[in-house]
Amino acid sequence: MKSKSLVLILMGSDSDLPVMEKAVEVLKEFEVPYDIAISSAHRLPDETAQLAKSARDNGIEVIIAGAGMSAHLAGVVAANTTLPVIGVPIKSGALNGIDSLYSTVQMPPGIPVATVAIDGAKNAAYLACSILSIKYPHLVDKLKRFRDDTKNKLIKKSEELKKKQEKQI
Ligand code: RP5
């Protein structure tokens, strides 16, 4: 693990990578150093517990954990660390992510997992940036700029739509 990484991204399988890469894109955009690993709660239980237990000492400040089906990864990670854990339920298997959502979000009191939407890896990364912004003020500016950009793009699209509509009348 790189000592400078602030966010640890974990996923239950390499099949989760296409979704979890969305979190990577956001962290890159915000220039937040991260580490990434495949670590299944079921197939690599000891390794997963060890990663979670050692994360704080390794300089990690937020963990993002994505898994599909009977998704216990985020919960097991949260059980083994007091760092904030953001869970990403992944759409996979016969129940299309409803199973992962319930497995990730329905944690018992005392062991929270901040759960985002099914396949919501982007929001997991934005939330990680928000948490980190408490300690790293430059992230506050980046988050504000990002939201302003999003707002301005939408206003522009709305104006373009209006013009298009007016031409059709
Ligand atoms: C979960 O089972 C993984 O997170 C993945 O979403 C799902 C299927 O895993 P693979 O069979 O594709 O490795 O543990």
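Keep in mind that what you see is a predicted model, and the values were worked out from it rather than measured.

### Considering the sheet that holds strand β5 (residues 114-115)
Step number 1: As summarised here, the arrangement of the 5 strands in space is β2-β1-β3-β4-β5, forming an open sheet in which the pairing is parallel. Two strands close off the open sheet at either side, each with one partner strand: β2 (34-38) and β5.
Step number 2: Here 2 bridges tie strand β4 (residues 85-90) to β5, and the two strands are oriented parallel to one another. For Ile-86, the partnering residue across the bridge sits in β5 and is Ala-114.
Step number 3: Relative to the sheet, helix α1 (residues 17-29) contacts β1 (7-11), β2, β3 (62-68) and β4, its axis offset from that of β1 by approximately 170°.

### Some thoughts on the pattern of salt bridges
Step number 1: Tallied over the entire structure, the rule returns 2 salt bridges.
Step number 2: Two residues, Lys-142 and Glu-31, come together in a salt bridge whose shortest N-O distance is 2.8 Å. With Lys-142 in helix α6 (residues 138-168) and Glu-31 in the loop between α1 and β2, the pair connects residues that are 111 residues apart, well separated along the chain.
Step number 3: Overall, Glu-31 belongs to the exposed group, its relative accessible area being 59%.
Step number 4: A salt bridge links Glu-61 to Lys-135, with the shortest nitrogen-to-oxygen separation between them at 2.9 Å. Linking Glu-61 in the loop between α2 (45-55) and β3 with Lys-135 in the loop between α5 (121-133) and α6, this pair joins segments that are 74 residues apart in sequence.

### Some thoughts on the site of the ligand
Step number 1: In the vicinity of the ligand, the contacting residues are Gly-12, Ser-13, Ser-15, Asp-16, Arg-43, Ala-67, Gly-68, Met-69 and Ser-92.
Step number 2: Contact distances for the ligand include 2.8 Å between an oxygen atom and a side-chain N or O atom of Arg-43.
Step number 3: Between the ligand and Gly-68, the relevant distance is 3.0 Å, taken from an oxygen atom to a main-chain nitrogen or oxygen of the residue.
Step number 4: The fraction of the free accessible surface of the ligand (360 Å²) that becomes covered by protein chains is 75%.
Step number 5: Here the shell around the ligand is composed, by residue class, of 2 nonpolar, 5 polar and 2 charged.

### Topic: a nonpolar patch on the surface
Step number 1: The grouping of Leu-95, Ile-98, Tyr-102 and Val-105 at the surface amounts to a nonpolar patch, some 380 Å² of accessible area in total.
Step number 2: As for its placement among the helices and strands, Val-105 is situated in helix α4 (residues 98-105).

### Re the packing of α5 against α6
Step number 1: Contact geometry for α5 and α6: axes closest at 8 Å, N-to-C directions at 140°. With respect to their mutual orientation, α5 and α6 come out oblique. Mapping the contact onto sequence places Tyr-126, Cys-129, Ser-130, Leu-132 and Ser-133 in α5 and Leu-139, Val-140, Leu-143 and Phe-146 in α6.
Step number 2: Here the residues of the contact of α5 with α6 sort into 7 nonpolar, 2 polar and no charged.

### Details of a negative patch on the surface
Step number 1: Side chains of Glu-21, Glu-25, Glu-29, Asp-148 and Asp-149 sit close together on the surface and give a patch of like negative charge.
Step number 2: Elements that contribute at least two residues to the negative patch include exactly α1 and α6.
Step number 3: Among the elements that make up the negative patch, the one with the highest residue count is α1 (3 residues).
Step number 4: For Glu-25, the location among the structural elements is in helix α1.
Step number 5: The class of Glu-25 is partly exposed, set by a relative accessible area of 44%.

### Observations concerning the domain arrangement of the protein
Step number 1: Here the domain parsing of the protein yields domain 1 (7-136) and domain 2 (142-169).
Step number 2: Relative placement of domain 1 and domain 2: their C-alpha centres are 33 Å apart.

### Details of the side chain of Glu-61
Step number 1: At a separation of 2.9 Å, a polar atom in the side chain of Glu-61 contacts the side chain of Lys-135.
Step number 2: If we skip the residues at most four places from it in the chain, Glu-61 touches Leu-6, Leu-83, Pro-84, Leu-132, Lys-135 and Tyr-136.

Rules and cut-offs
- Residues numbered from 1 in each chain as written.
- Predicted model: local features only at pLDDT ≥ 70, side-chain atom pairs only at ≥ 80, totals over all residues.
- Heavy atoms only, no water.
- Pairing = 2+ DSSP bridges.
- Helix = DSSP H or I, 4+ residues; strand = E, 2+ residues; numbered from the N terminus.
- Contact = heavy atoms within 4.5 Å.
- Axes fitted to C-alpha atoms, helices over the stretch in contact; angles between N-to-C directions.
- Salt bridge = Lys/Arg side-chain N within 4 Å of Asp/Glu carboxyl O.
- Buried < 20%, exposed > 50% of the residue type's maximum accessible area, 1.4 Å probe, protein only.
- Near = heavy atom within 4 Å.
- Polar contact = N/O pair within 3.5 Å; in protein donor to acceptor, adjacent residues only side chain to side chain.
- Areas by Shrake-Rupley, 256 points an atom, 1.4 Å probe, with all protein chains shown as cover.
- Nonpolar A, V, L, I, M, F, W, Y, C, P; charged D, E, K, R; others polar.
- Patch = residues over 30% accessible without salt bridge, like charges linked within 9 Å, V, L, I, M, F, W, Y side chains within 5 Å.
- Parallel < 35°, antiparallel > 145°, perpendicular 65-115°, else oblique.
- Lys, Arg positive; Asp, Glu negative; His and termini not counted.
- Charge placed at Lys NZ, Arg CZ, Asp CG, Glu CD.
- Domains from an automatic or database assignment.

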